[in-house]
Amino acid sequence: PKACTILLRGASKDVLMEVERNLQDAMNVARNVIMDPHLVPGGGAVEAALAHKLNEKSKAILGVGQWPYRALADALKIIPKTLMQNCGVNTIRTMTTLTAKHATEGNTWGVDGETGKIVDMNDFGVWDTFQVKAQVMKTAIETAILLLRIDDIVSGVKKTV
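First, a word on what this report is: a plain description of the structure on this page. (Residues numbered from 1 in each chain as written. Predicted model: local features only at pLDDT ≥ 70, side-chain atom pairs only at ≥ 80, totals over all residues. Heavy atoms only, no water.)

1. Things to note about helix 2 (residues 45–59)
Thinking step 1. For helix 2, with 15 residues, the first-to-last C-alpha span of 21 Å sits near the 21 Å given by 1.5 Å per residue.
Thinking step 2. When we look at burial in helix 2, the residues that qualify are A45, V46, E47, A48, A49, A51, H52, L54, N55 and S58. (Helix = DSSP H or I, 4+ residues; strand = E, 2+ residues; numbered from the N terminus. Expected span 1.5 Å × (residues − 1). Buried < 20%, exposed > 50% of the residue type's maximum accessible area, 1.4 Å probe, protein only.)

2. Some thoughts on the packing of aromatic side chains
Thinking step 1. Summed over the entire model, instances satisfying the criterion amount to zero aromatic pairs.
Thinking step 2. Lying over the aromatic face of W109, K101 brings its terminal NZ or CZ to 4.3 Å of the ring centre. (Phe/Tyr/Trp six-rings, centres within 6.5 Å; stacked < 30°, edge-to-face > 60°. Lys NZ or Arg CZ within 6 Å of the ring centre and 35° of its normal.)

3. Notes on the nonpolar core
Thinking step 1. Formed by A48, M84, M95, L98, W109, V111 and I118, the largest nonpolar core amounts to seven residues.
Thinking step 2. Contributing elements (two or more residues each) for this core: helix 5 (91–104) and strand 2 (109–111).
Thinking step 3. Leave out the neighbours within four places in its chain, and W109 touches A45, L98, K101, H102, I118, V119 and D120. (Core = buried A, V, L, I, M, F, W, Y, C linked by side-chain atoms within 4.5 Å. Contact = heavy atoms within 4.5 Å.)

4. Describing the environment of Q66
Thinking step 1. By the element assignment, Q66 lies in the loop between helix 2 and helix 3 (67–76).
Thinking step 2. Sequence separation between Q66 and D128 is 62 residues, and the spatial gap between their C-alpha atoms is 29 Å.
Thinking step 3. In this view, Q66 contacts S58 and I61; residues no more than four positions away in its chain are not counted.

5. Details of the side chain of D36
Thinking step 1. Positionally, D36 belongs in the loop between helix 1 (13–35) and strand 1 (39–41).
Thinking step 2. No salt bridge is formed by the buried D36. Its closest oppositely charged neighbour is K138, at 9.3 Å.
Thinking step 3. A polar contact is formed between the side chain of D36 and the side chain of H38, at a distance of 2.5 Å.
Thinking step 4. Apart from the residues within four sequence positions on either side, D36 is in contact with F130 and Q131. (Lys, Arg positive; Asp, Glu negative; His and termini not counted. Salt bridge = Lys/Arg side-chain N within 4 Å of Asp/Glu carboxyl O. Polar contact = N/O pair within 3.5 Å; in protein donor to acceptor, adjacent residues only side chain to side chain.)

Okay, here's the thing in structure tokens:
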């Protein structure tokens, strides 16, 4: 069918608005997958893999040139750490396990959002759309650059008394 009607019911107006928002999110995900069917492992696996690669790259660079790589790697680790915190597991121990898995067994290991265990996202079946993941990365980097530019402008202005 080209069009359909979805009837939503809820116990209160707030519940109904939440159900409508969740349905809209689900339809947007379906649209994104149809428009660009490339998927990447979920559960923070992509962020953990990028962080691991950036840390490896930083080891090959001497001096202060390695700092941006390490800073971005630390920033990317926030996604799997947040998933771990939401599950109530020991973040330090679990993050160490995730980093070790990425170093030895591949880059598809992520966090099970319910138990906090480290699982292979290929086997677990949790996926994110590449399109959304790429846009999030672009937006984050553009925002950081904008903040650095504003900081340069503000620090360059002389205050007159």
